[in-house]
Amino acid sequence: MHEDISIHEAAKYPWSVMARSLLKNLDVTLGEVDNNPRVVQRAHDRLTQALDSRRTQTREMQSDDEYIELTSFFVAKALVDGIGSMFLRRRWATAEAKRAEGFLLKESETKLPQFAKQEFNWQISSAGRVASRVFSHRLHFSNYLDATAGFHEREWKLVNKRLDKGYVLLRKSETVRVIRAAVEKMLIRDIKKVPANFPPNIQKVYEDIDETVRKQTDRMRQEIQGEIVTEAFPPCMQALLADMNEGKPLSHIARFAITAFLLNVGMDVDSVLELFMRAPDFREDLARYQIEHIAGKRGSTEYTPPSCAYMISVRLCVDPDKAESRRHPLAYYRRRRKWLSKR
Ligand code: SF4
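Residues numbered from 1 in each chain as written. Predicted model: local features only at pLDDT ≥ 70, side-chain atom pairs only at ≥ 80, totals over all residues. Heavy atoms only, no water.

## Comments concerning the site of the ligand
Near the ligand lie 10 residues; those nearest to it are Pro-234, Cys-236, Cys-308, Cys-317 and Arg-326. Here the residues of the shell around the ligand sort into eight nonpolar, no polar and two charged. (Near = heavy atom within 4 Å. Nonpolar A, V, L, I, M, F, W, Y, C, P; charged D, E, K, R; others polar.)

## As for the side chain of Gln-216
For Gln-216, the position within the fold is in helix α10 (residues 200-224). For Gln-216, a relative accessible area of 14% corresponds to the buried category. Beyond its immediate stretch of four places on either side in the chain, Gln-216 contacts Leu-51, Phe-87 and Arg-91. (Helix = DSSP H or I, 4+ residues; strand = E, 2+ residues; numbered from the N terminus. Buried < 20%, exposed > 50% of the residue type's maximum accessible area, 1.4 Å probe, protein only. Contact = heavy atoms within 4.5 Å.)

## Points about the pattern of salt bridges
Scanning the entire structure with this criterion turns up 28 salt bridges. Note that Glu-9 and Lys-111 form a salt bridge whose closest N and O atoms lie 2.2 Å from each other. Note that Glu-9 is positioned in helix α1 (residues 7-12) and Lys-111 in helix α7 (residues 111-120), a separation of 102 residues in sequence. As a salt-bridge pair, Arg-288 and Asp-270 come within 2.9 Å of each other at their nearest N and O atoms. Of this pair, Arg-288 sits in helix α14 (residues 284-294) while Asp-270 sits in helix α13 (residues 269-276), and the two are 18 residues apart along the sequence. (Salt bridge = Lys/Arg side-chain N within 4 Å of Asp/Glu carboxyl O.)

## Description of unusual backbone geometry
The residue Asp-27 is not glycine, and still its phi comes out positive at about 55°. In this structure, Asp-27 sits in the loop between α2 (17-26) and α3 (30-33).

## Overview of the packing of α10 against helix α16 (residues 329-342)
As a packed pair, α10 and α16 sit with axes 9 Å apart at the nearest point and diverge in direction by 50°. By the angle between their axes, α10 is oblique relative to α16. Relative to α16, α10 is oriented so that their crossing is left-handed. Between α10 and α16, the residues in contact are Met-220, Gln-222, Glu-223 and Ile-224 and Leu-330, Tyr-333, Arg-334 and Arg-337, respectively. Looking at the contact of α10 with α16 residue by residue, the classes come out as four nonpolar, one polar and three charged. (Axes fitted to C-alpha atoms, helices over the stretch in contact; angles between N-to-C directions. Parallel < 35°, antiparallel > 145°, perpendicular 65-115°, else oblique. Left-handed = near helix turned anticlockwise from the far one by under 90°.)

## As for the pairing of strand β2 (residues 133-140)
Where burial is concerned, most of β2 is hidden: six out of the eight residues are buried. Where strand β1 (residues 124-130) lies against β2, six bridges are found, and the strand directions are antiparallel. Of the residues in β2, the one forming a bridge with Ser-125 is Arg-138. Taking the residues that link successive antiparallel strands as the turn, the β1-β2 hairpin has two residues, and the phi of Ala-131 there is positive, at about 45°. Bridging between β2 and strand β4 (residues 167-170) involves four bridges; their strand directions are antiparallel. Opposite Arg-138, over in β4, you have Leu-169 as the bridge partner. (Pairing = 2+ DSSP bridges.)

## Looking at the pairing of β4
Residues Tyr-167 and Leu-169 of β4 are buried on one face, and the alternating residues Val-168 and Leu-170, pointing to the opposite face, are buried as well. As paired strands, strand β3 (residues 163-164) and β4 are joined by two bridges and run antiparallel to one another. The residue of β4 that forms the bridge with Asp-164 is Tyr-167. Hairpin connection between β3 and β4: a loop of two residues separates the two successive antiparallel strands, and Lys-165 in this loop has a positive phi of roughly 50°.

## Examining helix α9 (residues 172-189)
Between its first and last C-alpha, α9 extends 26 Å over 18 residues, near the 26 Å set by a 1.5 Å rise per residue. Taken together, the buried positions of α9 are occupied by Lys-172, Glu-174, Thr-175, Val-176, Val-178, Ile-179, Arg-180, Ala-181, Ala-182, Val-183, Glu-184 and Leu-187. (Expected span 1.5 Å × (residues − 1).)

## Here's the deal with the nonpolar core
The biggest cluster of nonpolar side chains holds 58 residues, and the ones touching the most others in it are Trp-92, Trp-122 and Ile-179. Looking at this core, the element that brings in the most residues is helix α5 (residues 66-83), giving 10 residues. Both of domain 1 (7-105 + 194-206) and domain 2 (111-179) provide at least three residues apiece to this core. Every residue in contact with Trp-122, bar those within four places of it in the chain, is listed here: Ala-116, Lys-117, Leu-139, Asn-143, Ala-147, Val-178, Ile-179 and Ala-182. Formed by 32 residues, the second largest nonpolar core is a distinct cluster that contains Ala-260, Val-265, Phe-276 and Leu-316. (Core = buried A, V, L, I, M, F, W, Y, C linked by side-chain atoms within 4.5 Å. Domains from an automatic or database assignment.)

## Examining the sheet that holds β3
If you trace the four strands from one edge of the open sheet to the other, you get β1-β2-β4-β3, paired in antiparallel fashion. The two strands at the open ends of the sheet, each matched to only one other strand, are β1 and β3. Contacting β1 and β2, α7 crosses the sheet at an angle of about 145° to β1. Taken strand by strand, helix α8 (residues 141-148) contacts β2, β3 and β4, and its axis lies near 85° from that of β2.

## Observations concerning the environment of Thr-212
Within the secondary structure, Thr-212 is located in helix α10. Residues Thr-212 and Leu-51, spaced 161 residues apart in sequence, show a C-alpha to C-alpha distance of 8.5 Å.

## Points about the domain arrangement of the chain
For the chain, the assigned domains read domain 1 (7-105 + 194-206), domain 2 (111-179) and domain 3 (225-342). Here domain 2 and domain 3 have C-alpha centroids that lie 33 Å from each other. If you look at the interface, domain 2 gives five residues, while domain 3 gives eight residues. Between domain 2 and domain 3, roughly 530 Å² of surface is buried when both sides are summed, and carbon and sulfur atoms account for 58% of that area. Of all residues in domain 2, Ala-149, Gly-150 and His-152 bury the most surface against domain 3, accounting for 72% of the area lost on that side. Our count for the domain 2 to domain 3 interface comes out at zero salt bridges. The residue makeup of the side of domain 2 that touches domain 3, split by class, is one nonpolar, two polar and two charged. (Buried area = accessible area lost by both parts, 1.4 Å probe.)

Given below as structure tokens:
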């Protein structure tokens, strides 16, 4: 099915099944592309743009750009895997998904369902006129709910969508927006192990991006660390803390979210551990291991709590109506703490 893929298509959607298959056939290695300064530079640009503006530009490609676009994505991805920062991974995933959105909007209405079926195994097809309104696509409600779980705007809620026999009817721009969300989610989840050392030119990019990420995260950390102000905790974290205090069992993701949040606002491992002692299934060795892992003491990745969008999707957000104006529980804490200190 993928043999007929053109490099032009793969360059537009370098994370796709077809692009991966093409790259495998081309047998490209990091060592080989390390000698191509345009590939290395473009990989660097992809990551700096993601960090600067969360957007990897959708630019028209000349034919000699295609190889660069395709291979630079894989270099950038290897660097994201190697640096192991969730902050960088989220920024990069958002930027790459937005880049893809620019190309998807230019695709024909018939191509989008084929693409979504191939990439995400969705039940999707062309729609046409339904009760005097014209729609582009019909997407099965389960696929729709899964992809839009982090959307907080009312217009995306299922009750506000037109349904036809279990399928959500979408305009073309809406289908593209839903695909973009699925791409972003897929990139965030697709974590691979990478070799300990990169070839020399890619290694320089690694060091540069790693330092930029470190500076940005240190700056953000400084803004949220210092005295811990529990009154400034966002409602979702207050609710999780209340559950912990009452000894209620928390789901895996809830434990992850509250632990990452507390560590990021400056609580130490022992203090977080103490909070978990009331849990009915508490086991000190296991809990300590998990907390230290999230704190980055047992691996290279130091975790941050999930974004508001993700918290909504796993039903941990307790204030979804306000989520539109919020992006992240740590950002909420930073702003609220500042506001409280001025009062
Ligand atoms: S909007 Fe964000 S910060 Fe506020 S409760 Fe929901 S997840 Fe927490």
